[in-house]
Amino acid sequence: EVAGVPLHRRYVAELAWQKAAAVAALPAAADSLVLAADSTVWHQNRIIGKPVDEADARAILGSLAGTEHQLWSGVCLWRGGGGGKGGWEEVGGNFF
């Protein structure tokens with residue numbers, strides 16, 4: 001937890017923010033709205049990252065099977081050319 005914000009919420013918000021910032025900085029995005037998002041799984045008080053290979057993917061899926069876990073998504077809407085920015089995080093649900 002950082003500044004009262006749970007780690008998984010901060011993580012997905014930051015990923016979405018970084019993606020939006022990268023696109024909004026492009027000259028072609030000067031007069032555009034940029035929508036960026038990212039998601040992660042929260043399981044047993046930790047963030048589950050992307051698997052590095054097929055064996056890792058199988059191990060991750062095996063660890064999630066039959067256990068409670070959450071899918072968290074972060075979204076950022078950014079107006080190109082230095083305009084306004086906004087973002088939010090949501091849980092997609094609890095899964096077993």
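Definitions and cut-offs
- Residues numbered from 1 in each chain as written.
- Predicted model: local features only at pLDDT ≥ 70, side-chain atom pairs only at ≥ 80, totals over all residues.
- Heavy atoms only, no water.
- pLDDT = per-residue confidence, 0-100.
- Helix = DSSP H or I, 4+ residues; strand = E, 2+ residues; numbered from the N terminus.
- Phe/Tyr/Trp six-rings, centres within 6.5 Å; stacked < 30°, edge-to-face > 60°.
- Buried < 20%, exposed > 50% of the residue type's maximum accessible area, 1.4 Å probe, protein only.
- Expected span 1.5 Å × (residues − 1).
- Arc of directions from axis to C-beta.

Visitor: Quick question: what am I supposed to make of the confidence of the model for the protein here?
Guide: Caution applies to low-pLDDT regions: their predicted coordinates should not be interpreted in detail. Of all residues in the protein, 88% have pLDDT values of 70 or greater, and the mean over the chain is 85. Within the protein, the lowest mean pLDDT, 73, falls on strand 4 (residues 85-95), and the highest, 95, falls on helix 2 (residues 54-64).

Visitor: When you look at the packing of aromatic side chains in this model, what are you seeing that I'm missing?
Guide: The way to describe two aromatic rings as a pair is by their centre distance and the angle between their planes. Evaluation of the coordinates by the stated rule reveals one aromatic pair. Aromatic side chains Trp-17 and Trp-78 sit 5.0 Å apart centroid to centroid with 55 degrees between the ring planes, which places their arrangement in the tilted category. Within this pair, whereas Trp-17 is found in helix 1 (residues 7-24), its partner Trp-78 is found in strand 3 (residues 69-79), the two being separated by 61 residues in sequence. In this structure Trp-17 comes out as partly exposed when scored by relative accessible area, which is 34%.

Visitor: How should I be thinking about helix 1 in this particular structure?
Guide: Side chains three or four residues apart in an α-helix point the same way, a direct result of the helix having 3.6 residues per turn. The end-to-end C-alpha separation of helix 1 is 25 Å, in line with the 26 Å expected for 18 residues at 1.5 Å each. Within helix 1 the residues assigned to the buried category are His-8, Val-12, Ala-16, Ala-20 and Ala-24. All buried residues of helix 1 project into a common sector of 135 degrees when viewed along the axis, lining one side.

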